[in-house]
Amino acid sequence: MNNFRAGTQIMKQALPGAESTLCHWRVRQFLEKLDKQPNNKVLDLNNCALNASDIKELTAIIPLLPDLEEIDLSWNDFIGGALQTLTLQFSHMQELKVLRLNNCRLTAKDITFLAQLLHRIQNLEELDLSINKNIGCSLKSIAQELKYVSGLKVLNLHMCGLKQDGFPCLDDAFQHIPELKKLDVSCNKEMGGGFQNSAAHLANLINLEVLDLHQCRITEEDMAVLTQIIPLLSSLQELDLSSNKSVGISSDNLLSRFRFLPKLKSVLLSNCSLLQNSFASLAEAALHLPELKILDLSWNKCVGGNLKLILKALNLEAELQELRLSSCSLVDKDLACLALVIQDGPLAKLQKLDLSYNNHISDQGWSTFYQGIVALEQLSELDVSLRPASRRDCGEWFGKLLAAMPKLPILSELDLQGWILSERQQKQLESCNWNNEQNVHFDT
């Protein structure tokens, strides 16, 4: 029997009158696709305004798709509380590898039902339960069953309402999922303090490439534990500790140990209240990060006046593509140093540069910067906006910017918010765009 090509007919038998009562056009669309693509392995109903009635109809479809490998029901916030009947069909999905239920208003009961069925989908490689704020207390049941999906590679629990005891529950599960490559537990603001008591098994994740802990209210005690564990994650490529202000107080040892993570490509430390000692430790460790492509130090005031420390760590083989220095209290000498480094070549591959909200830089400082920026031939985005409450007329540097633009061939975004442009200056920008056949979007 051809399950796929007979999909619509079987639906009529499974759900009398289904053809006329289907609750959402995307469900109907998917049924039609079954006839045209009999080997369809992806059920993508992301952001379709599905409701409980749609889930019931999907329950009848699932048995027709024994080879289904991916289900994405994310951003359907009316299906929470209705997943029991769907999860019962997991016994038909032996090949399922990806399950995304992001922002579905899942309930504790939904999580319980899902946990009970994990042993039937042992080939699962990605589980995304992010932005379901009411499931934090029930995730323990999921953690206990992760032993059945030992090949799991991606676990996304962003903004799930995890409490302080949430990470210890997960830590016990880490010993059963050694192939995990991405762990995102960010924006769980009540999880702070949970690392200090139990994070030992995190070190077992030797294949982990992405670790996102931003906005978790990490404590000093947590940092003491993470300082011992994170340097052991030898495969780590992306680390996000942003918006954890205790990081700055106790991060000296951790940042200095980044030298043991030579595969790091992205380091995000925005709004971490870094101290000068911490910044100096990071700069020293950066000498040993040859693959670093993204560095975010925004909203760390200690960078101001000390930017040269991190810039000196870059060499001619640097791969840096994105540098974010928003609201770092930069001063003229920082921009002068940046201009020199740009001319010397270590930032030749830079594509995105954010210098916004640095209001202490004088017109002369900006002029010096724009004279040096012409060496950034791969630059596509530049943000030099001022704070919303700080508005200034464009000074002599504006002419330097106009002169530099033709030498930035792929520049597509230039943010100048807060700078007051005269009508003549606005026309000059537009004319520069036209004359040089560029397509730069100006945000002023």
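Residues numbered from 1 in each chain as written. Predicted model: local features only at pLDDT ≥ 70, side-chain atom pairs only at ≥ 80, totals over all residues. Heavy atoms only, no water.

- Looking at an unreviewed UniProt entry, one finds the chain named Leucine-rich repeat-containing protein 31 isoform X2 and attributed to Eublepharis macularius.

Points about the packing of helix H14 (residues 332-344) against helix H15 (residues 363-372)
Line of reasoning, step 1. At their nearest, the axes of H14 and H15 sit 8 Å apart, and the two run at 10° to each other. As far as their axial angle goes, H15 and H14 are roughly parallel. Residue-level contacts link Asp 332, Leu 335, Ala 336, Leu 338, Ala 339, Ile 342 and Gln 343 of H14 to Gly 365, Trp 366, Thr 368, Phe 369, Gln 371 and Gly 372 of H15.
Line of reasoning, step 2. Looking at side-chain class alone, the contact of H14 with H15 contains seven nonpolar, five polar and one charged residues. (Axes fitted to C-alpha atoms, helices over the stretch in contact; angles between N-to-C directions. Helix = DSSP H or I, 4+ residues; strand = E, 2+ residues; numbered from the N terminus. Parallel < 35°, antiparallel > 145°, perpendicular 65-115°, else oblique. Contact = heavy atoms within 4.5 Å. Nonpolar A, V, L, I, M, F, W, Y, C, P; charged D, E, K, R; others polar.)

What to know about the packing of aromatic side chains
Line of reasoning, step 1. Taken as a whole and assessed by the stated rule, the structure comprises 10 aromatic pairs.
Line of reasoning, step 2. With centroids separated by 5.7 Å and ring planes inclined at 65°, the aromatic side chains of Phe 167 and Phe 174 adopt a geometry described as edge-to-face. Assigned by exposure class, Phe 167 and Phe 174 land together as buried.
Line of reasoning, step 3. Aromatic side chains Trp 299 and Tyr 357 sit 6.2 Å apart centroid to centroid with 90° between the ring planes, which places their arrangement in the edge-to-face category. One end of the pair, Trp 299, is in the loop between strand S10 (294-296) and helix H13 (307-311); the other, Tyr 357, is in the loop between strand S12 (352-354) and H15, with 58 residues separating them in the sequence.
Line of reasoning, step 4. Connected via pairs of aromatic rings, a cluster forms that spans Trp 366, Phe 369, Tyr 370, Trp 397, Phe 398 and Trp 419. (Phe/Tyr/Trp six-rings, centres within 6.5 Å; stacked < 30°, edge-to-face > 60°. Buried < 20%, exposed > 50% of the residue type's maximum accessible area, 1.4 Å probe, protein only.)

Considerations on empty space enclosed by the protein
Remark: the empty space left among the atoms is shown by a probe the size of a water molecule rolled over them.
Line of reasoning, step 1. Taken as a whole, this structure holds two cavities of 30 Å³ or more when the rule is applied.
Line of reasoning, step 2. If you add up the space inside the largest cavity, you get close to 50 Å³.
Line of reasoning, step 3. Around the largest cavity, the lining residues are Ala 286, Leu 292, Leu 295, Ile 310, Leu 311, Ala 313, Leu 314, Leu 320 and Leu 323.
Line of reasoning, step 4. Classifying every residue of the lining of the largest cavity gives nine nonpolar, no polar and no charged.
Line of reasoning, step 5. In this model, the second largest cavity occupies a volume close to 40 Å³.
Line of reasoning, step 6. Contributing to the lining of the second largest cavity are Leu 127, Leu 129, Leu 139, Ile 142, Ala 143, Leu 146, Leu 155, Leu 157 and Leu 170. (1 Å grid on protein atoms, 1.4 Å probe; cavity = no way out; pocket = protein on both sides within 12 Å on 5 of 7 lines; lining within 4 Å. Points joined across faces, edges and corners; volume = space filled by probe spheres on them.)

Considerations on the state of the cysteines
Line of reasoning, step 1. Considering all chains together, one arrives at zero disulfides under this definition.
Line of reasoning, step 2. The closest cysteine sulfur to the non-disulfide-bonded Cys 48 is located on Cys 104, 11 Å from its own sulfur.
Line of reasoning, step 3. Its sulfur unpaired, Cys 169 is 10 Å from the next cysteine sulfur, which belongs to Cys 137.
Line of reasoning, step 4. The class for Cys 169 is partly exposed, based on a relative accessible area of 22%. (Disulfide = S-S within 2.5 Å.)

Considering the pattern of salt bridges
Line of reasoning, step 1. Applying the stated criterion to the full structure yields 14 salt bridges.
Line of reasoning, step 2. Two residues, Arg 100 and Glu 70, come together in a salt bridge whose shortest N-O distance is 2.8 Å. Here Glu 70 lies in strand S2 (residues 70-72) and Arg 100 lies in strand S3 (residues 98-100), a separation of 30 residues in the sequence.
Line of reasoning, step 3. Between Arg 100 and Glu 126 there is a salt bridge; the shortest N-O distance is 2.9 Å. Remark: Glu 126 occurs in strand S4 (residues 126-128) and Arg 100 occurs in strand S3; sequence separation between them is 26 residues.
Line of reasoning, step 4. Looking at Glu 126, the relative accessible area reads 15%, which means it is buried.
Line of reasoning, step 5. The network of salt bridges with common partners includes Glu 70, Asp 72, Arg 100 and Glu 126. (Salt bridge = Lys/Arg side-chain N within 4 Å of Asp/Glu carboxyl O.)

Quick word on the nonpolar core
Line of reasoning, step 1. Core analysis: the largest hydrophobic core is formed by 136 residues, its most contacted members being Leu 73, Leu 129, Phe 258, Trp 366, Phe 369 and Leu 382.
Line of reasoning, step 2. With sequence-adjacent residues up to four places away left out, Leu 129 is seen in contact with Leu 101, Leu 106, Ile 111, Leu 114, Ile 135, Leu 139, Asn 156, Leu 157 and Cys 160. (Core = buried A, V, L, I, M, F, W, Y, C linked by side-chain atoms within 4.5 Å.)

Points about H15
Line of reasoning, step 1. Among the residues of H15, those classed as buried are Gly 365, Trp 366, Ser 367, Phe 369, Tyr 370 and Gly 372.
Line of reasoning, step 2. Taken together, the buried residues of H15 touch H14, S12, strand S13 (381-383), strand S14 (392-393), helix H16 (397-404) and strand S16 (419-420).

Section: the environment of Val 267
Line of reasoning, step 1. If you trace the backbone, Val 267 turns up in strand S9 (residues 266-268).
Line of reasoning, step 2. Taking the C-alpha atoms as reference points, Val 267 and Asp 240, separated by 27 residues in sequence, lie 6.1 Å from one another.
Line of reasoning, step 3. With near-sequence residues (within four places) excluded, Val 267 lies in contact with Leu 239, Phe 258, Leu 292, Ile 294, Leu 295 and Asp 296.

What about the packing of H15 against H16?
Line of reasoning, step 1. Direction vectors running N to C along H15 and H16 enclose 10°, while the axes themselves pass 8 Å from each other. The pairing of H15 with H16 is recorded here as roughly parallel in orientation. Crossing of H15 against H16: the hand is left-handed. Of H16, the residues touching H15 (which contributes Asp 363, Trp 366, Ser 367, Tyr 370 and Gln 371) are Trp 397, Lys 400, Leu 401 and Ala 404.
Line of reasoning, step 2. Each residue belonging to the contact of H15 with H16 can be placed in one class, and the counts come to five nonpolar, two polar and two charged. (Left-handed = near helix turned anticlockwise from the far one by under 90°.)

With respect to the environment of Gln 378
Line of reasoning, step 1. Among the structural elements, Gln 378 can be located in the loop between H15 and S13.
Line of reasoning, step 2. The sequence separation of Gln 378 and Leu 350 amounts to 28 residues, and the corresponding C-alpha distance is 6.2 Å.

Let's talk about the side chain of His 214
Line of reasoning, step 1. Considering the arrangement of structural elements, one finds His 214 in the loop between strand S7 (210-212) and helix H9 (220-229).
Line of reasoning, step 2. By relative accessible area, which is 18% here, His 214 ends up buried.
Line of reasoning, step 3. Side chain to side chain, His 214 and Asp 212 meet in a polar contact 2.7 Å long.
Line of reasoning, step 4. If we ignore the near neighbours within four places in the chain, the residues touching His 214 are Ser 186, Cys 187, Asp 240, Leu 241, Ser 242 and Asn 244. (Polar contact = N/O pair within 3.5 Å; in protein donor to acceptor, adjacent residues only side chain to side chain.)

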